[in-house]
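Fold and geometry: a report
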There are 2 protein chains.
Amino acid sequence: MTTSARRAALCAALTERGLAGVLVTTLVNVRYLTGFTGSNGALLVPVEGEPVFFTDGRYRDQADEELPDVAHVIGRDLLTGAAERMASGRWGLETHTLSVDGHHRLVELAPDVELVAAGRVVEELREVKDEPEIEALRRACDISTQALEQVLAGPLVGRTERAVARDLEARMLDLGAEAIAFETILACGDHTAIPHHHPTDRVLARGDLLKIDFGARVDGYHADCTRTVVLGPADDWQKEVHAAVRESQAAGLELLREGVAVSASDAAARGSLQSTGWLDAFTTGLGHGVGLEIHEDPFIAGSHAGKLSSRTVLTMEPGIYVPGRGGVRIEDTVLVTAGAPEVLTTMTKDLLEIG
Amino acid sequence: MTTSARRAALCAALTERGLAGVLVTTLVNVRYLTGFTGSNGALLVPVEGEPVFFTDGRYRDQADEELPDVAHVIGRDLLTGAAERMASGRWGLETHTLSVDGHHRLVELAPDVELVAAGRVVEELREVKDEPEIEALRRACDISTQALEQVLAGPLVGRTERAVARDLEARMLDLGAEAIAFETILACGDHTAIPHHHPTDRVLARGDLLKIDFGARVDGYHADCTRTVVLGPADDWQKEVHAAVRESQAAGLELLREGVAVSASDAAARGSLQSTGWLDAFTTGLGHGVGLEIHEDPFIAGSHAGKLSSRTVLTMEPGIYVPGRGGVRIEDTVLVTAGAPEVLTTMTKDLLEIG
């Protein structure tokens, strides 16, 4: 699917909402609809007529290259250009990200236009990935898996958290990632109890749990994967906690399929942790969409009223965190289908005991 | 200066504006005022009484550690918690970043509170750096300079843009950077004409211009530096363009001092390019504040009505960009003082001819 097909799908959604068009000001949504990778841009999408892209002078050449099929306007002030091109009528704004000040300026600049909330109309389209997106996510996950396998081949004991994290990141780049997807979370020993631990100069020791949450980025698409291993033979507590998390993840994945309520997966994963007595030690969200953003719609939660669609890409990441002692998280990036989800981060989930 | 001193300065500014307090929702401003480094948080700062910090469950332990002196409230919904704690009165909001939807929710949640725009009150404080900030910037710039000197020691010809960029980034991390400040811009040959070029697999060749815009991050603070060199003996055109940019930068730096209008520096740098006949080839902004953000207030422009303050840290980055041929940019991160600015990125600005 090309970006023009995405814009056509957007226009259909706008028509359903009775809108003459939408002003897309959320940068990642602009990228989704145009392919623009710069840091400043907006896109006006009228239901009737052609879209217009706005950016500043730094991106003149890049806009020519990345958006050959969309007219663009170069200027310092994106909103003024956009307001001039809205005809009268009812136009949607991305009020979940547009600032209060930006909104006030548009109201002044386009006094004859009825400006309304468009809702998360582009984010909703982005929940269901098209083929180029799935291909990019697949490559990002493959690179992540290969890099982790290389690093876990060791040696590990005696190196610092920071050194191992950097090694992993360098391998992802060597394997073809354009960037790392997010700053690597790598924790050993009782640091594993901290869900989002920044790597330190602590040295990895025999007997430690080692938790690694990381991913590669390819063509703007993010992989997100966590594995927890033991440096040496696992003790009973480490085995118990790892097994409980793995069981919870399996229960959640089982219900991650087309047509099933998003909340069902959450209930299953939490029910599993409840049954093993660890629910209170699970303090984060269970999973989230992943794509052009590392965290995007849909977010897996008991309160989510919707159902899952095929070709949605999600993480599933239950964990157990015991302050002062340690923690385990297992996380995959998976593709929702009509059957069992396809796990894109294919690294083993057995509890590895790395000598 | 500690974060409590920054909050005291904020309260003084709020009092001047007749505000009972401010709800800080811009994450980087929350970090500035508290030291919090997570990805979700808000801070309520009343002029009378104690501040309260809001974050979600992922950051429970991190908040304990990073904000020992500020009360914190853990919950999924930061705005609800904040609205409950606003007494009646006139409260400021960061309407330049707060979303329209967030604003609507606050209006509903706090019907008895008068909610007004606080303006960029925290950003204004951030323009003048305190000692810990200057120290972090100095270290980030030192690391950047050392890493570039190492990479320019060669070899360079025959390697790809991407490989050299990665080498530079790895050296910054080796030298103690916590991260790179932004994705390195590294361009050779006619790619140097693109102000913001992503490194590709193009191979560096003898005779090429090589432009490198990069920086290290230390304790959240960003260095920003650009140098342009020639791979081998420079030709007359390369020498002419480099000299014109260097002269323009010197003219701009000359007026970057306490009490001088921000616009004066812009006029001087542009005047220099005008006099050498290259003004039309300068298509970007001249400079920007740098600190917890890679681009922050103040932005150097002819339209800026303010004057410079001591301890402001800025970039100065004139350039000449000739599509299809090449370009040169020279950029430093500098500290404004009462006299000549202190250049923190101390790498030589002579036109290096690297064999």
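1. Thoughts on the domain arrangement of chain A
All names here are of chain A. Each domain of chain A was delimited in the assignment, giving domain 1 (3–127) and domain 2 (131–354). Distance from the C-alpha centre of domain 1 to the C-alpha centre of domain 2: 35 Å. Between domain 1 and domain 2, the contact holds eight residues from the first and twelve residues from the second. Between domain 1 and domain 2, a total of about 870 Å² is buried, with carbon and sulfur atoms accounting for 41% of that surface. The three residues of domain 1 that bury the most area against domain 2 are Arg31, Arg126 and Glu127, which together make up 60% of that side's buried surface. Here domain 1 and domain 2 share three salt bridges between them. Arg126 is the partner of Glu293 in a salt bridge, and the nearest nitrogen-oxygen pair spans 3.0 Å. Inspection of the domain 1/domain 2 interface yields five residue pairs in polar contact (both at pLDDT 80 or more). Elements with a minimum of two residues in the side of domain 1 that touches domain 2: α2 (27–34) and α6 (121–127). Per-class residue counts for the side of domain 1 that touches domain 2 are two nonpolar, no polar and six charged.

2. A few points about the layout of surface pockets
All names here are of chain A. Empty space within the second largest pocket amounts to approximately 250 Å³. Lining of the second largest pocket is provided by Arg6, Arg31, Tyr32, Gly35, Thr37, Pro132, Glu133, Ala136, Glu178, Asp219, Tyr221 and Leu292. Breaking the lining of the second largest pocket down by element, the ones donating at least two residues are α2 and α7 (131–152). With three residues, α7 is the single largest residue contributor to the lining of the second largest pocket. A breakdown of the residues in the lining of the second largest pocket according to their chemical character gives five nonpolar, two polar and five charged. Two domains each donate at least three residues to the lining of the second largest pocket, and these are domain 1 (3–127) and domain 2 (131–354).

3. Structural notes on the interface of chain B and chain A
Taken together, the 25 residues of chain B in the interface contact 26 residues of chain A. Together chain B and chain A conceal approximately 2,400 Å² of surface at their shared face, both sides included; 46% is due to carbon and sulfur atoms. The largest contributions to the chain B side of the interface with chain A come from Arg58, Val100 and Arg166 of chain B, which together make up 25% of the buried area. Linking chain B with chain A are four salt bridges. Note that Arg217 of chain A and Glu183 of chain B form a salt bridge whose closest N and O atoms lie 3.1 Å from each other. Our count for the chain B to chain A interface comes out at 14 residue pairs in polar contact (both at pLDDT 80 or more). When residues of the side of chain B that touches chain A are traced back to their parent elements, those giving at least two are α3 (60–66), α5 (100–109) and α8 (161–174) of chain B. When residues in the side of chain B that touches chain A are grouped by element, the largest group, four residues, is from α8 of chain B.

4. Brief notes about the relation of the copies chain B and chain A
Between the two copies, chain B and chain A, the superposition gives an RMSD of 0.0 Å; the rotation angle is 180 degrees and the shift along the axis is 0.0 Å. Taken together, the turn and the small shift mark the pair as related by a two-fold rotation axis. The share of interface residues of chain B whose copies in chain A are also at the interface is 96%, consistent with both copies meeting through the same surface.

5. A few points about the packing of aromatic side chains
Residues and elements named next belong to chain A. Counted under the stated rule, the structure contains six aromatic pairs over all chains. Considering the side-chain rings of Phe36 and Tyr59, the 5.4 Å spacing of their centres and the 90 degrees angle between planes classify their relative orientation as edge-to-face. Of the two residues, Phe36 is situated in the loop between α2 and β2 (42–46) and Tyr59 in the loop between β3 (52–55) and α3 (60–66); the sequence distance between them amounts to 23 residues. Accessibility assignment for this pair places Phe36 and Tyr59 in one class, buried. Between the aromatic rings of Trp237 and Trp278, the centroid separation amounts to 6.4 Å while the plane-to-plane angle is 80 degrees, which identifies the pairing as edge-to-face. In this pair, Trp237 is assigned in helix α9 (residues 236–254) and Trp278 in the loop between α10 (262–276) and β13 (287–289), connecting sequence segments 41 residues apart. Summarising the burial analysis for this pair, Trp237 and Trp278 share the class buried.

6. A closer look at the pairing of β2 of chain A
The side chains of a regular strand alternate, residue by residue, between the two faces of the sheet. All names here are of chain A. Among the five residues in β2, five count as buried, and that is most of the element. The side-chain alternation of β2 yields two buried faces, one formed by Ala42, Leu44 and Pro46 and the other by Leu43 and Val45. Inspection of the sheet shows strand β1 (residues 21–24) paired to β2 by four bridges, in the antiparallel sense. Each bridged residue has a counterpart across the sheet, and for Leu23 the counterpart in β2 is Leu44. Between β2 and the antiparallel strand that follows it, β3, lie five residues; Gly49 among them carries a positive phi value of about 100 degrees.

7. What about the sheet that holds strand β8 (residues 185–188) of chain B?
All names here are of chain B. The three strands lie next to each other as β8-β9-β12, forming an open sheet whose pairing is antiparallel. Where the open sheet ends on each side, the last strands, each with one partner, are β8 and β12 (225–230). Between one strand axis and the next, the sheet turns by 10 degrees as a mean value, whatever way the strands run. Where strand β9 (residues 209–214) meets β12, six bridges bridge the pair, whose relative direction is antiparallel. In the sheet register, Leu209 faces β12, and the bridge partner there is Val230. On top of the sheet, helix α7 (residues 131–152) reaches β9 and β12; it is set at about 155 degrees to β9, its chief contact. In the packing of α8 onto the sheet, the strands contacted are β8 and β9, and the crossing angle to β8 comes to about 145 degrees.

8. Brief notes about empty space enclosed by the protein
Residues and elements named next belong to chain A. Applying the stated criterion across every chain, the model contains three cavities of 30 Å³ or more. Looking at the largest cavity, its volume works out to about 50 Å³. The biggest single contributor to the lining of the largest cavity is strand β12 (residues 225–230), with three residues. Here the lining of the largest cavity is composed, by residue class, of five nonpolar, three polar and three charged.

Calculation rules
- Residues numbered from 1 in each chain as written.
- Chains lettered and ligands numbered in written order.
- Predicted model: local features only at pLDDT ≥ 70, side-chain atom pairs only at ≥ 80, totals over all residues.
- Heavy atoms only, no water.
- Domains from an automatic or database assignment.
- Contact = heavy atoms within 4.5 Å.
- Buried area = accessible area lost by both parts, 1.4 Å probe.
- Salt bridge = Lys/Arg side-chain N within 4 Å of Asp/Glu carboxyl O.
- Polar contact = N/O pair within 3.5 Å; in protein donor to acceptor, adjacent residues only side chain to side chain.
- Helix = DSSP H or I, 4+ residues; strand = E, 2+ residues; numbered from the N terminus.
- Nonpolar A, V, L, I, M, F, W, Y, C, P; charged D, E, K, R; others polar.
- 1 Å grid on protein atoms, 1.4 Å probe; cavity = no way out; pocket = protein on both sides within 12 Å on 5 of 7 lines; lining within 4 Å.
- Points joined across faces, edges and corners; volume = space filled by probe spheres on them.
- Least-squares fit on C-alpha atoms with pLDDT ≥ 70 in both.
- Phe/Tyr/Trp six-rings, centres within 6.5 Å; stacked < 30°, edge-to-face > 60°.
- Buried < 20%, exposed > 50% of the residue type's maximum accessible area, 1.4 Å probe, protein only.
- Pairing = 2+ DSSP bridges.
- Axes fitted to C-alpha atoms, helices over the stretch in contact; angles between N-to-C directions.

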